[in-house]
Structures are given as structure tokens and as C-alpha cells.
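# Residue-level structural notes
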Amino acid sequence: MYWQKEYETMPRERLADLQLERLQQTIKRVYDNVPFYRNKLSEAGIEPGDIKSLDDLSRLPFTTKQDLRDNYPFGLFAVPMEEVVRLHASSGTTGKPTVVGYTRNDIVTWSDLMARALVMAGGSKKDIVQNAYGYGLFTGGMGIHYGAERLGATVVPISGGNTSRQLMLMQDFGTTILTCTPSYALYLGEEMVNTGIDPAKLKLRIGIFGAEPWSERMRNQLEAKLNLTALDIYGLSEVIGPGVAMECPEKKGMHIFEDNFIAEIIDPETGQPLPYGQPGELVITSLTKEALPIIRYRTRDITVLKDDECGCGRTFVRMERVTGRTDDMLIIRGVNVFPSQIESVLLEFGDTEPHYLLVVDRKGTLDDLEIWVELSDKFFSDKVRALEDLEKRLRARILSVLGISARIKLVEPRTIPRSEGKAKRVLDKREI
Amino acid sequence: MKVKQISVFLENKSGRLAQVTRVLGENNINIRALSIADTTDFGILRLIVNNPDPAYRALKDAGFTVSTTEVIAVEVKDEPGGLARVLEILQNVNINIEYLYAFLQKATNAALVVFRVEQLDEAIKVLQENNISILEGSRVYAL
Ligand SMILES: [Zn+2]
């Protein structure tokens, strides 16, 4: 089932034509209306007419969160304020928040994207959507709310918190779709156990969880505890909010709504675009936004894009779960390494709660990588051969994933230092 | 006929073995036999104790990676070729021995050899058919 089948299943070639046309319009719009972009493009020697193919995208300068802060509050808006019908803002841990604006059309676009996401998950207008994302300046609550209404579903705008009321309404209203952060969903699941609510007796069938990173292990827990299909959603306020990408029930990554956004993966160090399949920083360009078009926005989220066919019939590329932030990146022997890549290998091997540490040192002129892996019961064997074999297989897999070799050192549980419950992932002993 | 063996993962650093014995001591568990297999980086400590289940829990609670494995304890006659005979019997039916280690019984002075094999039931059957004495778990724990 699709919400906008024409776009969601558009052949890739036609989609590329549509993207180019919309990119050209977007560049013209920002060039004409946003001094910040006009200056940046001029500095790069680019005029709107220079955008002749999608390859020209890589010539455009990036936009960063700092750029949004520098132009606080409305400096990057491309329409007069009388056209802006809504503002949202992301929490600024230091200083001013970043502010985003929407025209009436932007709200329609966003609502359609969220309706697509809900339909992709298996939702319809018959569903009762309990929306436990926070309402307010944060985009999560309102974004999903408008999408669910657009779809024609029944929305319960309960917002976050007040767990006992969440559980009461969930039972009394017969909620079928739950939308919230995965950690809150897990908490709801635990509270169900504590209060003796049998999830099998609830009508819940779909969970749309996002706004924070989660894992396959959490998916399994959520599905077992809440008796539903748990799907991932991606979005960020600087781009539009939730509804940039949504996971389909194939559970093989989130389809990026490419008729509205161009996604690129770049090497965060050099800024060079990387091919599909390689991990790097996700960069997004909006194609249809009016109030706040955004050009090559650096999300700082690390992911991988995949363009192989999906069983659901959508032609949009998929992004894997966000596995980390660019801030965590290491460069070892000239290769970008993300601690989360090690985590994914360990998860692949069946380690359910991987604890590991990348120890980087320099021996002579060469970087040396040793990976400590806390040996879990699942991996443990009373046979030396089996453990040596495990080391060998991990080593081979890490070589193929990272592209560099590493020594594996199996260590006892709780050997790797943890601070505030979070494990430290990197020990860089290089003195450069 | 099967004996529960506790295996503990140890990094090769000083004090770890002592820590295991301390944990067991504090929980009033006696070690009947032990063997260590080690590589340059890590070791696997294998233990036969008087009370395997509490030992497993105590070590687990102390944060060790622990597993239990079933092994067999064979009484080997204190005479030349005693062990060779047992090995031959197993070899003849293609039972692969993962590892073995021996310890002495205080009372009889006969050697006890702990065998770790994949085909446990087959091994027990063929050894019994050849009149090799296999000790019950309860007897081994109580040694
Ligand atoms: Zn799909």
C-alpha cells in the first residue's frame, strides 16, 4: 500500500529528472531570496544556471548547524514572514536553538510525507494513532499528528509522559499504532509487565519509533514486549522533521523520500561524496521546501545508503539505521573508522550487547589498531580452538568491513571502562 | 555418568586465578580438580568442584564469563598402559577427544582422567562395554 504511489514507485530515471528540475528551482529560490546562500554560491563561483545535472550537486557548498545558529532566528528563510505559518525549534544545549519555519505548502508536504510513512508501516484511516512524541517546539509530535490526520486516522495527541494514562487510553481507545521514542516504548512495555497488562490483549499492531538511535536488539525487545511490528523513522528538524525516511515492513533500512530530498553520503573528513554501500555522513538537500530550503545539510549522522531493490516496491534508496555521529570518527592509517562499525560486526556475530574498545596506537610510523572485545557467555567456549577461531573470524570480518586489519583481543566482562553507564569506545594513544 | 565442569574465561594477567579461587572459597566451594589451557592472550580455566551449580552462579555474579560443560571422569588403573587403553577404545569408534586432564583420588591413589568429547553418550557406552570404570558425578563432587 502506498500513499502517493506515483512518487513512491517512480522509475529511477524519471525520479532523477524530477530531482534535477526541483533542485534547479530550489537553487534559484535560495539564490534569489537568501543572502547567506547567494554569498556562499557566489564564493563558490556558482550561479543557478550552472546546475545542469545532478552531478553538479557536489559542487555546491555545505550547510551546517552552525550556519543555522549564525542566522538565528529567521536569516535562512526564503519567504517573507507573512508566508510562514509555523515555527519549530530544536533544543540548543548551548545558547540559541536552531529555528525552522514552514509555509502552508510546507505543512501539506510534510503531512503527506508522514502519511506516506504511516501507510508504509501498514497504517490506514482505520487506525487509532497514539502519538506519544512530545508536542511543542520539537517537530516530532506535530509532524506525526498532521500526517495521521492527513491519512484520516484517529489521532490521540497524548504527547510524552504520564505513563499510567498512556496505558489506560491504550486499552480503552484500542490504540493500534504507537508513535514515540524507542526508549519510551520500552518503558511502556516494562510498565505493562509491572501493572499486569497483557500486550496480547491490546490492539497495538504497529510501532513507529525514532528521534534517537536504537538497535536490532531493541527492535526484538520492543516487538516481544509490546506485541507489535516496530519500525524506524528518520528525520531532523533542520530538514523538515520526522518523515525524511521511513522503514518499510521489509525491515531493510529506511526509504528516503527522494522526490523531496536528495541524500548523499560523504567522507566527513574530505567532504567527497562516497558511493552507495560505504558508510559516511548523510547529507541532505531539500527539493520542495519553501520557507527553509536547505542545501547539502550536514546531518553528522553516520549511515550507509543502499539502492538494491526492495520487496515493498518502492524505488527510493534506503538508509541503514544511524549508527553514530561524525564526532565519533577516527582516522586510522588514512581510513575513516566509526566505532559503530565494530558494533555492527559484533551484532552480526550474535553478540547481543557488545562491549568493545578500539585501542589505537602508533608503532613506528604506522597506526596500530587493537580491538578489545568483552567475551560474552554467548561467545564463550571451553575449547581454546573455538575461541581462536572466533578471533580469526572477527578479524576477517572487521578487515572486510573497515578495510584495515586489526588485532582482536578477547577480554573479560567489565574490563572496558564505563563512565556514567556508557561504555568508552575509543582509546587513542597516538601522539601526533 | 556425566560430570559438570565449570569453565571460566581468564585474561592472561596476574591475580585472575587467585580471584576465582577467592570467590569459590567465599562461597564454601571446594575445587576437586582444575586445568588451565592458555594462549598468549587468554586462558580457559576448567574446574571440577563439589557443588557445580552454586559455583557457576557465584562466578557469574562476580562478573566472570562462565559456562558449564558435561564431561566424563574415568578411573584409570595405576599400571603401564592404563591410559593408552582408554584412548584406544575411544579412537576405535572415532570419538574425538577435545581435551583431557588427570587428577589423583586421595583414597585409592588411582588416577582419574577427565575427558571432554563431543559424543558423550557414545563414549560412555563404549567405555562401559569395555569395563572401564566411569565415576558418577555425585562421586566425583564428593571426592
Ligand atoms: Zn521497502
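About the thresholds
Residues numbered from 1 in each chain as written. Chains lettered and ligands numbered in written order. Predicted model: local features only at pLDDT ≥ 70, side-chain atom pairs only at ≥ 80, totals over all residues. Heavy atoms only, no water. Salt bridge = Lys/Arg side-chain N within 4 Å of Asp/Glu carboxyl O. Helix = DSSP H or I, 4+ residues; strand = E, 2+ residues; numbered from the N terminus. Buried < 20%, exposed > 50% of the residue type's maximum accessible area, 1.4 Å probe, protein only. Domains from an automatic or database assignment. Contact = heavy atoms within 4.5 Å. Buried area = accessible area lost by both parts, 1.4 Å probe. Polar contact = N/O pair within 3.5 Å; in protein donor to acceptor, adjacent residues only side chain to side chain. Nonpolar A, V, L, I, M, F, W, Y, C, P; charged D, E, K, R; others polar. Axes fitted to C-alpha atoms, helices over the stretch in contact; angles between N-to-C directions. Parallel < 35°, antiparallel > 145°, perpendicular 65-115°, else oblique. Patch = residues over 30% accessible without salt bridge, like charges linked within 9 Å, V, L, I, M, F, W, Y side chains within 5 Å. Areas by Shrake-Rupley, 256 points an atom, 1.4 Å probe, with all protein chains shown as cover.

Attention now goes to the pattern of salt bridges. Tallied over the entire structure, the rule returns 40 salt bridges over all chains. As a salt-bridge pair, Glu223 of chain A and Lys251 of chain A come within 2.7 Å of each other at their nearest N and O atoms. With Glu223 of chain A in helix 9 (residues 216-226) and Lys251 of chain A in the loop between strand 8 (241-247) and strand 9 (254-256), the pair connects residues that are 28 residues apart, well separated along the chain. The salt bridge partner of Lys383 of chain A is Glu98 of chain B, with a shortest N-O separation of 3.7 Å. With Lys383 of chain A in the loop between strand 19 (366-374) and helix 11 (384-402) and Glu98 of chain B in strand 5 (residues 97-104), the pair connects residues from two separate chains. We classify Lys383 of chain A as buried; its relative accessible area is 17%. Here the residues in one salt-bridge network are Glu216, Arg219, Asp232, Glu247 and Arg321 of chain A, joined through shared partners.

Moving on to the domain arrangement of chain A. Interfaces are often sized by the accessible area lost when the parts come together. Residue and element names in this part refer to chain A. Taken domain by domain, chain A comprises domain 1 (70-327) and domain 2 (332-428). Put simply, the middle of domain 1 and the middle of domain 2, counted by C-alpha atoms, are 31 Å apart. Contact with domain 1, which involves 9 residues of that partner, is made by 6 residues of domain 2. Summing both sides of the interface, domain 1 and domain 2 together bury roughly 630 Å²; the carbon and sulfur share of this comes to 61%. Considering only the side of domain 1, the residues that lose the most area to domain 2 are Arg217, Pro279 and Thr323, jointly responsible for 57% of the buried surface there. Run the count over domain 1 and domain 2 and you get 0 salt bridges. Along the contact surface separating domain 1 from domain 2 lie 1 residue pair in polar contact (both at pLDDT 80 or more). Tallied by class, the residues present in the side of domain 1 that touches domain 2 amount to 3 nonpolar, 3 polar and 3 charged.

All names here are of chain A. Two elements in contact, helix 5 (residues 104-120) and helix 6 (residues 139-151), have axes whose closest approach is 7 Å; the angle formed by their N-to-C orientations is 75 degrees. When the axis of helix 5 is compared with that of helix 6, the two are roughly perpendicular. Between helix 5 and helix 6, the residues in contact are Ile107, Val108, Trp110, Ser111, Asp112, Met114, Ala115, Leu118 and Val119 and Thr139, Gly143, Ile144, Tyr146, Gly147, Ala148, Arg150 and Leu151, respectively. Here the residues of the contact of helix 5 with helix 6 are counted per class, giving 11 nonpolar, 4 polar and 2 charged.

Residues and elements named next belong to chain B. A surface patch of nonpolar side chains, amounting to about 290 Å² of accessible area, comprises Leu17, Ile31, Leu34 and Ile36. Along the polypeptide, Leu34 turns up in strand 2 (residues 31-38). With relative accessibility at 40%, the residue Leu34 sits in the partly exposed group.

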